[in-house]
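One-letter residues, chain by chain:
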Amino acid sequence: MTKPISLIINGLPVQAPQGATILEAAQGAGIFIPTLCHCPDISSAGVCRLCLVKIARKKKLHPACHTPVPEGMEVITDDPEITRVRQVTLELILTDHDFNCLFCPKSGTCRLQQLVNQVGFDEDRFARLKRVAKDLPVDTSNPFFDFNPNKCIQCGICVRTCDEIAGVNALDMAYRGYDLKVSTFGDKPLKESVCVSCGECVERCPTAALVRKRIEHPTREVRTICAYCGVGCGLYLGVRGDTVVKARGDPANPVSRGELCVRGRFGYRFIHSLSRLEGPLVRAYDRIERVDSSGGRGKDGEPVTRPLVKQEGRFVEISWDQAINYVASTLSHYKGDQFAAMSSAKCTNEENYLFQKFVRTVMGTNNIDHCARL
Ligand code: SF4
Ligand code: SF4
Ligand code: SF4
Ligand code: FES
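How each quantity is defined
Residues numbered from 1 in each chain as written. Chains lettered and ligands numbered in written order. Predicted model: local features only at pLDDT ≥ 70, side-chain atom pairs only at ≥ 80, totals over all residues. Heavy atoms only, no water. Phe/Tyr/Trp six-rings, centres within 6.5 Å; stacked < 30°, edge-to-face > 60°. Buried < 20%, exposed > 50% of the residue type's maximum accessible area, 1.4 Å probe, protein only. Helix = DSSP H or I, 4+ residues; strand = E, 2+ residues; numbered from the N terminus. Core = buried A, V, L, I, M, F, W, Y, C linked by side-chain atoms within 4.5 Å. Contact = heavy atoms within 4.5 Å. Near = heavy atom within 4 Å. Nonpolar A, V, L, I, M, F, W, Y, C, P; charged D, E, K, R; others polar. Pairing = 2+ DSSP bridges. Axes fitted to C-alpha atoms, helices over the stretch in contact; angles between N-to-C directions. 1 Å grid on protein atoms, 1.4 Å probe; cavity = no way out; pocket = protein on both sides within 12 Å on 5 of 7 lines; lining within 4 Å. Points joined across faces, edges and corners; volume = space filled by probe spheres on them.

Novice: Help me get a handle on the packing of aromatic side chains, residues and values and all.
Specialist: Under the criterion given, the structure shown has five aromatic pairs. Seen from their ring centres, phenylalanine 121 and phenylalanine 126 are 5.1 Å apart, and the 70° between their planes marks the pair as edge-to-face. Classification of phenylalanine 126 as buried rests on a relative accessible area of 10%. When the ring of phenylalanine 144 is compared with that of phenylalanine 266, the centres are 5.0 Å apart and the planes differ by 10°; the resulting orientation is stacked. Of the two residues, phenylalanine 144 is situated in the loop between helix 4 (123-129) and strand 6 (145-147) and phenylalanine 266 in helix 7 (residues 262-266); the sequence distance between them amounts to 122 residues.

Following this line, the structure appears as structure tokens:
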């Protein structure tokens, strides 16, 4: 294990791992430094300048997120001069921001809004600096989230996320000066870009520039595993009442480390779909007597909670025992290569193992495949 670095922050002795930045050293010691363009899981760009700190014997202020700590460094993270610089920086960021928190979908969870409260700003000075907010068109082409450039602070987090986390590079900074903005290739709508709608940029955007189309605030969260495929990404499902209203990645999950694809992040609405199947379906074109039917017909538009067989184009409810008897009696007519099976990524590894064992040893064939391989 390498020896930690010793430094002084605000007069207090602090230790930090080799290679740590001032920000990491301060956060490790429980010292708050405001940040806007920093995300712990992507590279630092040092563009917002809100994390500026003083270093002993250096004239300029330095960005804490972008400055590594050498042994013996002495840092000041907070004094009236630093606060004033941060306030002016924040005021400059806000000068052309579409600043209407009361009606903003991000209000309450917006990092910019939090910093305005934490760092504060001088209202008179801000009134002099304020420009008319841009009135750029909002890109609503993506089915899951919108991009509102009028709320964008050009922190570049989305660009770095799309490059370093998603590996897609759908976004970049385009144009120059006052016209600088986040853009897809050729400034096309997101839907026409290479974006795969993973939502990683939306998750990290500190403002309402990138926001989900549906915003409902959960009252509690349930930790679980995504049911869509065999990767097994960790999820927190946000629940309001009895309804799942949000999904976010579980950073502690060793498989996905907080990342999700479009299905895991935005595809949770199937859970409450009225046409969702909650029991197995047996597709049968035989006479219903064969499965000893005693059930009535399923009602259109109601969730299916029991096994069904299809007869003359309609599904008919039967019990689990009837369904299993039906499957067993039907399978007994086939063996060897007359039979093939497709397994599901929604099952557990153990269920898939048992299924292949059944197909190979009971049905006597290697004709088994799995949708995750496609
Ligand atoms: S993006 Fe944040 S700061 Fe801007 S209006 Fe919305 S809540 Fe307020
Ligand atoms: S869209 Fe969001 S993450 Fe991207 S640059 Fe603008 S504010 Fe930053
Ligand atoms: S949703 Fe994913 S692929 Fe699309 S721009 Fe954002 S990070 Fe890139
Ligand atoms: S957080 Fe350090 S420059 Fe933005």
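Novice: Any chance you could break down the nonpolar core for me, citing the residues and the numbers?
Specialist: Core analysis: the largest hydrophobic core is formed by 20 residues, its most contacted members being Leu7, Ile9, Ile22 and Val69. Put simply, the parts of the chain that give this core at least two residues each are strand 1 (5-9), strand 2 (12-16), helix 1 (22-28) and strand 3 (52-55). Element by element, the count of residues in this core is highest for helix 1, at four residues. In contact with valine 69, other than residues within four places in its own chain, are Ile5, Leu7, Ala16, Ala20, Thr21 and Ile22. Counting residues in each nonpolar core, the second largest holds 19 residues, with Cys48, Val116, Val119 and Ile165 among its members.

Novice: Give me the site of ligand 3: which residues, what numbers.
Specialist: Lining the immediate surroundings of ligand 3 are Phe145, Cys162, Ala166, Val168, Ala170, Leu171, Cys195, Val196, Ser197, Cys198, Gly199 and Cys201. For the shell around ligand 3, a count of residues per class yields ten nonpolar, two polar and no charged.

Novice: Give a detailed account of the sheet that holds strand 11 (residues 234-240), specifying residues and quantitative values.
Specialist: Reading across the sheet, the three strands line up as 10-11-12 and stay open at both edges, with antiparallel pairing between neighbours. Both edges of this open sheet fall to strand 10 (220-225) and strand 12 (243-249), since each of them pairs with a single strand only. Going from strand to strand, the sheet's axes swing by 30° on average, the running direction of each strand aside. Two strands pair when backbone bridges link them, and strand 10 and strand 11 are joined in this way by six bridges, in the antiparallel orientation. By the bridge assignment for strand 11, arginine 223 is matched with tyrosine 236.

Novice: Any details on the layout of surface pockets? Residues and values, ideally.
Specialist: The space that makes up the largest pocket amounts to roughly 730 Å³. As for the largest pocket, its lining consists of 32 residues, and the residues nearest its centre are Lys106, Thr109, Val202, Glu203 and Cys205. At the level of secondary structure, the elements contributing two or more residues to the lining of the largest pocket comprise helix 3 (111-119), helix 6 (200-204), strand 9 (210-212) and strand 12. The residue inventory of the lining of the largest pocket, partitioned by class, reads 15 nonpolar, seven polar and ten charged. The computed volume of the second largest pocket comes to approximately 570 Å³. Taken together, 14 residues line the second largest pocket, and the ones lying closest to its centre are Val327, Ala341, Met342, Cys347 and Phe355. Only helix 8 (320-331), strand 16 (341-343) and helix 9 (349-362) provide two or more residues apiece to the lining of the second largest pocket.

Purely geometric stuff here, so don't read any function into it on its own.
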